[in-house]
Structure formats: C-alpha cells, structure tokens
Amino acid sequence: MAAAIAYGIGDSTDSYTAQNILEHAALGCAASAAVGTGCAGGAVGAAASAVISPLLVYAAATSGADLPVQQAFVGSFSTAVGGIAAALSGQNLQAGETAAQNNALNNDL
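Residues numbered from 1 in each chain as written. Predicted model: local features only at pLDDT ≥ 70, side-chain atom pairs only at ≥ 80, totals over all residues. Heavy atoms only, no water.

1. Some words on the overall build of the chain
The number of helices and strands found in the chain is 5 helices and 0 strands. Reading the chain from its N terminus to its C terminus gives the helix and strand order α-α-α-α-α. In terms of overall dimensions, the chain has a C-alpha envelope of 40 × 25 × 20 Å along the principal axes. When contacts within the chain are restricted to residue pairs at least 6 apart in sequence, long-range pairs at least 24 apart make up 58% of them. (Helix = DSSP H or I, 4+ residues; strand = E, 2+ residues; numbered from the N terminus. Contact = heavy atoms within 4.5 Å.)

2. Focus on unusual backbone geometry
Leaving glycine out, the prevailing phi sign among residues is negative, and the prevailing peptide bond configuration is trans. In this structure, Tyr16 takes a positive phi of about 70° despite not being glycine. Considering the arrangement of structural elements, one finds Tyr16 in the loop between α1 (2-12) and α2 (18-34).

3. Looking at α2
Taking 1.5 Å per residue, 17 residues should reach 24 Å; α2 reaches 24 Å between its end C-alpha atoms and fits that length. Within the span of α2, buried status applies to Asn20, His24, Ala25, Leu27, Gly28, Cys29 and Ser32. Turning to α2, the residues buried within the fold contact α1, α3 (39-61) and α5 (93-108). Positive backbone phi, approximately 90°, marks Gly36, located one or two places after α2. (Expected span 1.5 Å × (residues − 1). Buried < 20%, exposed > 50% of the residue type's maximum accessible area, 1.4 Å probe, protein only.)

4. Regarding the side chain of Ser32
On the secondary structure map, Ser32 appears in helix α2. A residue is classified by how much of its surface remains accessible, and Ser32, at 5% relative accessible area, is buried.

5. Focus on the state of the cysteines
As used here, a disulfide is simply a covalent bond connecting the sulfur atoms of two cysteines. Here the structure, examined in full by the defined rule, presents 1 disulfide. In this model, Cys29 is linked to Cys39 through a disulfide, with the two sulfur atoms separated by 1.9 Å. Disulfide Cys29-Cys39: the torsion about the S-S bond is -115°, which places it as left-handed. Of this pair, Cys29 sits in helix α2 while Cys39 sits in helix α3, and the two are 10 residues apart along the sequence. (Disulfide = S-S within 2.5 Å.)

Scope: geometric values only; no functional claims are made or implied.
If you want it as structure tokens, here you go:
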C-alpha cells in the first residue's frame, strides 16, 4: 500500500516542493509506525529520499550506465541516505532506510 501511495504522491506533486517532501514524510511516518518501528525514523528517511532521489536520478541518467545499473544506484544510495539521516537524528535507522527505499523505488524510478 505504501508503494502505491508513494507513486501517487510523486505523480501528483512536483519534486522539491514542500508538498512533495511533507507528503512523503507523512507516508514514511505512517508506514513505519504501522510496522512498529516508530514514526520519526520513517518520516526523516522518506523526506531525505524525497530531496536526494531526484538528484540521483539525474546523475544516473547522465552517466551512460544501463538502466538496471541506474536503478540500483538510485535505490541503494537513497536507502543509505535515508537510514543515515534517521540515525543522525537519533531515530530508527531501519525505519529510515525502508521509507527512503519506498520513496526512491516507487516515486522516482
């Protein structure tokens, strides 16, 4: 369900807008809380991914790499950034990674 909602957010909002980032943060919070890892880590991870993923997509697209390599690059780096952001803010690293990955895979790729 979170995947479909992330896709809908990306489809109905522009990247880098407050609405896009805040909606992804709210989704990250709700999805993370639903699986018992708390709200904050998911919110931070999803927001971080909403900011960094479009940049990673651009970097990957201009790299000349094959599409599967581009997708792996964006997915893995967005996941790492979300987890690191959550951990640095004192929140659940796994929640941040999961929410960031959901955003990257279902919104930006």
